[in-house]
Amino acid sequence: MVVRIGVDFGTAFTKVAIRAGVDLVPVDWSAVTGDESPTGRYVTPGFVCRTPDGEYCWRRLAESDIQGNLKLSVIEMAGSDECPTATLAYLALVIRYARAFLYRHPEVGRKLVARSLRWELNVGCPTAPHERPEVVELFRRIARIAWRLAGVDDLRESNIAATWRNDEADVGLETEPGVVPEFVAQI
């Protein structure tokens, strides 16, 4: 079964929808955000926390450093090989949660049990930067590495940087991640 995760990686919020066969599942973030309003439950804020020991998570601890502006900072670094650590951690957490949400979904999750899944990933990129090949390639690399990081327990700065340096093409996706204009991701 083909399972496609679409991530609308916004400046302030992120939305995710998953197509599993014929089913379309919008990801409900209320377990992460506590927001159960009709709109709020389907978006998650675009920030990640860094603990003093370099671990990235969503837990807001008194001594943690909250990092936002994750998408715009990436666009500005296009063409360099600088590791977008916070962005990678954030997208890895988003992907990890979305996959788990799908498996726990009351109707779709039971359909996945006996199936072999072929995962695909699409990430939205702002329209004007989407026309710059170096930005598209950077978003594709970030999506590929975030997918890989979503499967590891330890999202520490050192592990994220090592994964960035050792970028591997085969991360368990059926095809290279798609980078689509933001308005397409929203649809």
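Our structure is the block above this text.
Below is a summary of the structure that appears in this document. (Residues numbered from 1 in each chain as written. Predicted model: local features only at pLDDT ≥ 70, side-chain atom pairs only at ≥ 80, totals over all residues. Heavy atoms only, no water.)

### Considerations on the sheet that holds strand β5 (residues 48-50)
Within a sheet, adjacent strands bond to each other through the backbone by hydrogen bonds, running parallel or antiparallel. Put simply, the test is: DSSP-based pairing: two strands are paired if at least 2 bridges between them are found. Only runs of H or I of at least four residues qualify as helices and only runs of E of at least two qualify as strands under DSSP, and these elements are numbered from the N terminus.
Taken together, 3 strands build an open sheet; the order of strands is β6-β5-β7 and the sheet is antiparallel. The open sheet has two edge strands, β6 (56-57) and β7 (65-67), and neither has a second partner. Strand direction decides the pairing type here: β5 and β7, joined by 3 bridges, are antiparallel. Within β7, the residue paired with V48 across the bridge is Q67.

### Re the environment of L61
On the secondary structure map, L61 appears in the loop between β6 and β7. A sequence separation of 10 residues divides L61 from T51, and the C-alpha atoms of the two residues are 7.6 Å apart.

### Considerations on helix α7 (residues 157-165)
Just so we agree on the cut-off: Burial status follows relative accessibility: with a 1.4 Å probe on protein chains alone, a residue under 20% of its type maximum counts as buried, one over 50% as exposed, and anything between as partly exposed. Note that the arc is defined by the directions from the helix axis to the C-beta atoms. Any pair of residues with heavy atoms lying within 4.5 Å of one another is described as a contacting pair.
Taken as a whole, α7 has its buried residues at I160, A161, T163 and W164. All buried residues of α7 fall inside an arc of 160° around its axis, so they share one side. The exposed residues of α7 that point more than 90 degrees off its buried face are S158 and R165. Buried residues in α7 make contact with β6, α3 (85-104) and α6 (133-149).

### Notes on the pairing of strand β1 (residues 2-9)
Relative to strand β8 (residues 118-125), β1 runs parallel, the two being bridged by 6 bridges. Note that in β8 the partner of I5 across the bridge is L121. In the sheet, β1 pairs with strand β2 (residues 13-20) via 7 bridges, with the strands oriented antiparallel. By the bridge assignment for β2, V3 is matched with A20. Connecting β1 to the antiparallel partner β2 that follows it, the hairpin turn spans 3 residues.

### Quick notes on the pattern of salt bridges
Inclusion rule: Salt bridges are defined by distance alone: a side-chain nitrogen of Lys or Arg within 4 Å of a carboxyl oxygen of Asp or Glu.
If you walk through the whole model with that rule in mind, you get 16 salt bridges. The network of salt bridges with common partners includes D53, E55, R59, D154 and R156.

### A word on the packing of aromatic side chains
Condition: Stacked, edge-to-face and tilted labels apply to pairs of Phe, Tyr and Trp rings (six-membered ring for Trp) whose centres lie within 6.5 Å, assigned for plane angles under 30 degrees, over 60, and everything in between, in that order. Here, a charge over a ring means that NZ of Lys or CZ of Arg falls within 6 Å of the ring centre while also lying within 35 degrees of the ring normal.
Taken as a whole and assessed by the stated rule, the structure comprises 7 aromatic pairs. Pairing W58 with Y97 gives two aromatic rings, centres 6.5 Å apart and planes at 70°, and the pair type is edge-to-face. Pair noted here: W58 is in the loop between β6 and β7 and Y97 is in helix α3, with a separation of 39 residues, a long-range link. Residue W58 is classed as partly exposed on the basis of its relative accessible area, which comes to 21%. A residue is classified by how much of its surface remains accessible, and Y97, at 13% relative accessible area, is buried. Three or more aromatic residues link up through ring pairs in this structure, and these residues are W29, W58, Y97 and F101. One residue, R104, lies across the ring of Y97, its end atom 5.7 Å from the ring centre.

By themselves, these observations are geometric and do not establish any function.
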